[in-house]
Amino acid sequence: LTARPDIQPGRLEIERHPKPTAPPPSKSLVFGHTFTDHMLCIPWDILNGWGAPRIQPYGPLPLEPSCTVLHYAQTVFEGMKAYRDDSGRVTLFRPDMNMKRMNNSAARIALPNFDGDALLELIKKLVQVDKHWIPQEAGHSLYIRPTLIGTQKFIGVAPPSEALLFVICSPVGPYYPAGFKPVSLYATTEYIRAAPGGTGAFKLGVNYAPGVMPQKLAAKKGYQQNLWLHGPDHLLTEVGTMNMFVVLKKSGGGLELVTPSLDGMILPGVTRDSVLAIAREHASGKKKIPGLADKLTVSERPISMKEILTASKKGALVDLFGSGTAAVISTVDRIGYLGEDVHIPLEKDGMGPVSRPIWKELVGRQVGSIDHEWSVEV
Ligand code: COI
C-alpha cells in the first residue's frame, strides 16, 4: 500500500467571490446566521487521499441524496474563533486543540484523518481572505466552523469511501439571544445527552439534534437550557451545548471550583481546558488572577444534584457557569430540579466570584490584551 496524500496547502487554489458583500453592522448580528464571502473545501476519497484544497465563494454543496452524511449523520465539526485587534492583528485561540479534537472525532465515526497543521495553515488563509469580516467590538469575533462529512453515494452503514472537509466562517456576537446575561437551566430527568461508551466525548453532529426537543420542553417550562444529568445519582454532566463548572464554599474556608471529569461522556472543551488551566495557575501561584479568591481548589470530579441541593441550603453554592467556544462563559442563575428552583446568588453584573475573574483573564488571552501563547497570529 502506498501512502495516500494528506492535506496539501501547497496545492491551494483560490477563486474570489465575483460579488463580495459588505459585512453587516456588528449590532445586527444574530449568532450563526451570517456567513462570510468564502469557504474552504477539501475533498477526500479512499483511492486518492486528500485532493486539492480550494477557497471558493460561500455557496451550496453538490451532494447526492443517497450520501452517507444525510442518512447516518456521518459528520464531525469544530468551533473556533478569530479575533482582530485595533491594529488589525488577527489571531486564533488555541487552534491546535481544535485540530486534535477534530481528528479524534473523525476517528470515532470512521471518517478520514488528516494533518492538523496543514488544515490549520489553510484555515489561516481563509481567515486572511475574509479578515474584514471579523467584528472588532468587545464580545464579537469570527466563528469558524470546520466540518467533515461522508459524501459517498451509498445507503449502507460503513466507513465512507468519499468525504468532504469544508470550513465556513460567521461573524458573531453573543451566543444567546438575551445577550451576555445569566441563563436558567432545567435539570431534565427524562432525557440524557450521553452515556458510557457512547459518543458524548466527541464533537459529532449526532450529539446535538437529540438535544433540541428537550430544550424546547425546557423553554416551555420557562428555562433557557437543559442541565444534562447522568445515572441514578443525578450527576451533573453538561449544560445545553456547554461544559459546566460549579463553585462551592468550603467549610474550612476558601472555594472549590468543580467540573465533571472527562469520563467519556464529557466533551473535552477548549474553553473548559482553558478555565481549568487559568484556575490552576492561580491556585499554584504561577499566575495570580486579579479578583480571584486566594484559597482556591480546582477539582475534576463527579458532582451530584444532591450535593448541589445541600450546598445551596448551606449557602455554599456561590457560582455556576457553562463554558464553550460559542458562549465563552455563561453564568447560571437558577436550576429547576424535581419541581423546585435552586437559586445561585450572582452579583449585580450577573457574574459570580470565580466566573468574573476567570472570564476576564480568558477573554484577555483570547483577544490579545493579555499576552499569551494561546493566542496564535494568523
Ligand atoms: C461551541 O461552543 O462552539 C459549540 O460548538 C456549540 C455549538 C452548538 C454552537
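Residues numbered from 1 in each chain as written. Predicted model: local features only at pLDDT ≥ 70, side-chain atom pairs only at ≥ 80, totals over all residues.

Per an unreviewed UniProt entry, the chain is named Branched-chain-amino-acid aminotransferase, and its organism is Pterulicium gracile. Per UniProt, the comment on the chain under Cofactor (unreviewed entry) is "pyridoxal 5'-phosphate". UniProt, in the comment section headed Sequence similarities (unreviewed entry), describes the chain in these words: "Belongs to the class-IV pyridoxal-phosphate-dependent aminotransferase family." (UniProt positions renumbered as here; feature names shortened; annotations may be inferred.)

(A) Inspection of the overall build of the chain at higher detail. For the chain, the count of helices and strands is 7 helices and 19 strands. The C-alpha atoms of the chain give 21 Å as radius of gyration, which agrees with the globular expectation for 378 residues (21 Å, within 12%). Taken along the three principal axes of its C-alpha coordinates, the chain extends 60 × 50 × 40 Å. Looking at the chain as a whole, 43% of its 378 residues qualify as buried. Here the analysis covers contacts within the chain between residues at least 6 apart in sequence; of these, 71% occur between residues at least 24 apart. (Helix = DSSP H or I, 4+ residues; strand = E, 2+ residues; numbered from the N terminus. Rg over C-alpha atoms; globule rule 2.2 N^0.38 Å. Buried ≥ 20, exposed ≤ 12 C-beta atoms within 10 Å, placed from the backbone. Contact = placed C-beta atoms within 7 Å.)

(B) Examining the packing of helix α2 (residues 95-108) against helix α3 (residues 116-129) more closely. Contact geometry for α2 and α3: axes closest at 9 Å, N-to-C directions at 125°. As the angle between them shows, α2 and α3 are arranged oblique. Viewed along their axes, α2 and α3 form a crossing whose handedness is right-handed. Counting all contacts with α2, which are made through P95, D96, M99, K100 and N103, the residues of α3 involved are G116, L119 and L120. A class-by-class count of the residues in the contact of α2 with α3 yields 4 nonpolar, 2 polar and 2 charged. (Axes fitted to C-alpha atoms, helices over the stretch in contact; angles between N-to-C directions. Parallel < 35°, antiparallel > 145°, perpendicular 65-115°, else oblique. Left-handed = near helix turned anticlockwise from the far one by under 90°. Nonpolar A, V, L, I, M, F, W, Y, C, P; charged D, E, K, R; others polar.)

(C) Seen up close, the UniProt feature "modified residue: N6-(pyridoxal phosphate)lysine" (unreviewed entry) in the chain. Under the UniProt annotation, the feature "modified residue: N6-(pyridoxal phosphate)lysine" (unreviewed entry) is placed at K203. Within the fold, K203 resides in the loop between β10 (183-188) and α4 (212-220). Given 23 C-beta atoms within a 10 Å radius, K203 is considered buried.

(D) Looking closely at unusual backbone geometry. If you check the backbone angles, R94 has positive phi at about 45° while not being a glycine. By the secondary structure assignment, R94 is in the loop between β7 (90-93) and α2. Taking the C-beta count within 10 Å as the criterion, R94 has 22 such neighbours and is therefore assigned buried. Of note, V328 is a non-glycine position whose phi angle comes to about 65°, a positive value.

(E) Quick peek at the pairing of strand β4 (residues 54-57). Examined bridge by bridge, strand β1 (residues 13-14) and β4 share 2 bridges and lie parallel to one another. Across the sheet, the residue bridging to I14 is I55, located in β4. (Pairing = 2+ DSSP bridges.)

(F) Region of the structure containing helix α7 (residues 355-367). Along its 13 residues, α7 runs 18 Å from first to last C-alpha, staying within 8% of the 18 Å computed at 1.5 Å per residue. Considering only its buried residues, α7 is in contact with β6 (80-84), β7, α5 (270-284), β16 (317-324), β17 (328-337) and β19 (375-377). Just past α7, the residue G368 takes up positive phi, approximately 95°. (Expected span 1.5 Å × (residues − 1).)

(G) Representation of the site of the ligand within the structure. Around the ligand, a shell composed of G79, Y208, T241, G324, T325 and A326 is seen. Of the residues that constitute the shell around the ligand, the class distribution is 2 nonpolar, 4 polar and no charged. (Near = placed C-beta within 6 Å.)

(H) How the structure looks around the nonpolar core. Core analysis: the largest hydrophobic core is formed by 47 residues, its most contacted members being L185, L227, V247, L257 and A279. Apart from the residues lying within four places of it in its own chain, the contact partners of A279 are L257, L296, V298 and I358. Formed by 44 residues, the second largest nonpolar core is a distinct cluster that contains M80, M99, L111 and I144. (Core = buried A, V, L, I, M, F, W, Y, C linked by C-beta atoms within 7 Å.)

(I) Local environment of the environment of R11. When you line up the elements, R11 lands in the segment before β1. In this structure R11 comes out as partly exposed when scored by C-beta crowding, with 13 C-beta atoms within 10 Å. If we ignore the near neighbours within four places in the chain, the residues touching R11 are A52 and P53.

(J) Inspection of the environment of N113 at higher detail. Positionally, N113 belongs in the loop between α2 and α3. Overall, the presence of 13 C-beta atoms within 10 Å leaves N113 in the partly exposed class. Note: C-alpha distance between N113 and S323 (210 residues apart in sequence) is 27 Å. Setting aside anything within four residues of it in sequence, one finds N113 in contact with N103, A106 and A107.

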